[in-house]
Amino acid sequence: MAADARAICRNVSEPRLELVPVGVGSALPAPGGAQSAYLVRAGATAVVMDLGSGTLSLLQTHIAPEDVDVLFITHLHPDHCVDLMTLRIHMMWGPGAGRRMRVIGPPGLRERLAAFTESDAWDVAFAFEDFAPGAGEYDLGDGLTVRHREVPHLPPTNALRLERGGASLCFGADCAPGTELSELAAGCDVLVAECTFGPGAPMPGVPHLTAREAGEIAARAGVGRLLLVHCSPEHDPDLTLAAAREAYDGPVDWARPGEPVRL
Ligand SMILES: [Zn+2]
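Described in the following lines is the structure provided in the data block. (Residues numbered from 1 in each chain as written. Predicted model: local features only at pLDDT ≥ 70, side-chain atom pairs only at ≥ 80, totals over all residues. Heavy atoms only, no water.)

Some thoughts on the overall build of the protein
Phase 1: Secondary structure assignment for the protein yields 7 helices and 14 strands.
Phase 2: At 18 Å, the protein has a C-alpha radius of gyration in line with the 18 Å of a compact globule built from 263 residues.
Phase 3: With respect to the principal axes defined by its C-alpha atoms, the protein has extents near 55 × 50 × 35 Å.
Phase 4: Residues counted as buried form 50% of the 263 residues belonging to the protein.
Phase 5: A fraction of 59% describes how many contacts in the protein between residues 6 or more apart in sequence connect residues 24 or more apart.
Phase 6: Of the accessible surface of the protein, which amounts to about 11200 Å², a share of 54% is contributed by carbon and sulfur atoms.
Phase 7: The averaged location of the 34 negative side-chain charges in the protein is 6 Å from the averaged location of its 20 positive side-chain charges. (Helix = DSSP H or I, 4+ residues; strand = E, 2+ residues; numbered from the N terminus. Rg over C-alpha atoms; globule rule 2.2 N^0.38 Å. Buried < 20%, exposed > 50% of the residue type's maximum accessible area, 1.4 Å probe, protein only. Contact = heavy atoms within 4.5 Å. Areas by Shrake-Rupley, 256 points an atom, 1.4 Å probe, with all protein chains shown as cover. Lys, Arg positive; Asp, Glu negative; His and termini not counted. Charge placed at Lys NZ, Arg CZ, Asp CG, Glu CD.)

The structure is reproduced here in structure tokens:
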């Protein structure tokens, strides 16, 4: 086969976006499970969304962490960012030494990490950027764009929408009911949504979703597929899926660690 033909075949088979759930747990992790982290490959670009407890070790089974081009942190709750403290060791004294990772997150992330580690030496290994207030967009090259939008949770929490070559996926971060996430996710191929309360009822004053509310957002947004994550481990998985299906008649499943979703 000629080199040009081989290149075309490779391009045809290469997904436009590949989502690899690394950890899908909630603030209360399941036995043997890790918290929130999602790797997305987009051509030659690798993006990670969140880096909760237990995820850095799992991430290394998919990619050398220093090869991550951009790490997005949706918000300051520890189950979404605490493994950055271990990543710092990797980037300063481990295999990532000499590299510098772009980290885009909420204002105050760097200061929070520096306080916990009692070290201000973060900028050697990381280039921190704050999300723009409310919403914004990044062009990460190779046709990949990332839009962010604040959603109702710990202020500010940003959900993310990634698009490349007509494929689109949205990660809802942690989120309470509202119109923000369905607006960001409108028409996307895959929505990854939290369902902390599973098939149960919402807890007043606790800004998370039931599975039914995640389904309602998926239905309102008209997404192609709903993947549930971040479910508190006491909830029955089948009842949780069923609750989401009451509100959304498209495909619903769990995002499973290590099982890639290709678009
Ligand atoms: Zn949270």
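Brief notes about the sheet that holds strand β5 (residues 101-105)
Within a beta sheet, neighbouring strands are joined by backbone hydrogen bonds and run either parallel or antiparallel to one another.
Phase 1: A sheet is described by the order of its strands in space; here 7 strands give the open sequence β6-β5-β4-β3-β2-β1-β14, paired in mixed fashion. Every interior strand has two partners, whereas the edge strands, β6 (126-130) and β14 (261-262), have only one.
Phase 2: Here 6 bridges tie strand β1 (residues 18-24) to strand β2 (residues 36-42), and the two strands are oriented antiparallel to one another. Directly across from Val20, in β2, lies its bridge partner Leu39.
Phase 3: In the packing of helix α3 (residues 84-93) onto the sheet, the strands contacted are β4 (70-72), β5 and β6, and the crossing angle to β6 comes to about 145°. (Pairing = 2+ DSSP bridges. Axes fitted to C-alpha atoms, helices over the stretch in contact; angles between N-to-C directions.)

With respect to the nonpolar core
Phase 1: Counting residues in hydrophobic clusters, the biggest one holds 28 residues, and the most contacted among them are Leu71, Leu84, Leu87 and Phe126.
Phase 2: Residue assignment for this core shows that the elements contributing at least two residues are β1, β2, β3 (45-49), α2 (55-59), α3, β5 and α4 (109-117).
Phase 3: In contact with Leu87, other than residues within four places in its own chain, are Leu51, Leu56, Pro65, Leu71, Met101 and Phe126. (Core = buried A, V, L, I, M, F, W, Y, C linked by side-chain atoms within 4.5 Å.)

A few points about the pattern of salt bridges
Phase 1: Tallied over the entire structure, the rule returns 13 salt bridges.
Phase 2: Close ionic contact of Arg161 with Glu163 constitutes a salt bridge, the shortest N to O distance being 2.7 Å.
Phase 3: A salt bridge links Glu216 to Arg212; the nearest nitrogen and oxygen atoms lie 3.3 Å apart. A residue pair is termed a helical-turn pair when its members lie 3 or 4 positions apart in one helix, as Glu216 and Arg212 do in helix α6 (residues 211-221) at 4 residues.
Phase 4: Using a relative accessible area of 36% as the deciding quantity, one classes Arg212 as partly exposed. (Salt bridge = Lys/Arg side-chain N within 4 Å of Asp/Glu carboxyl O.)

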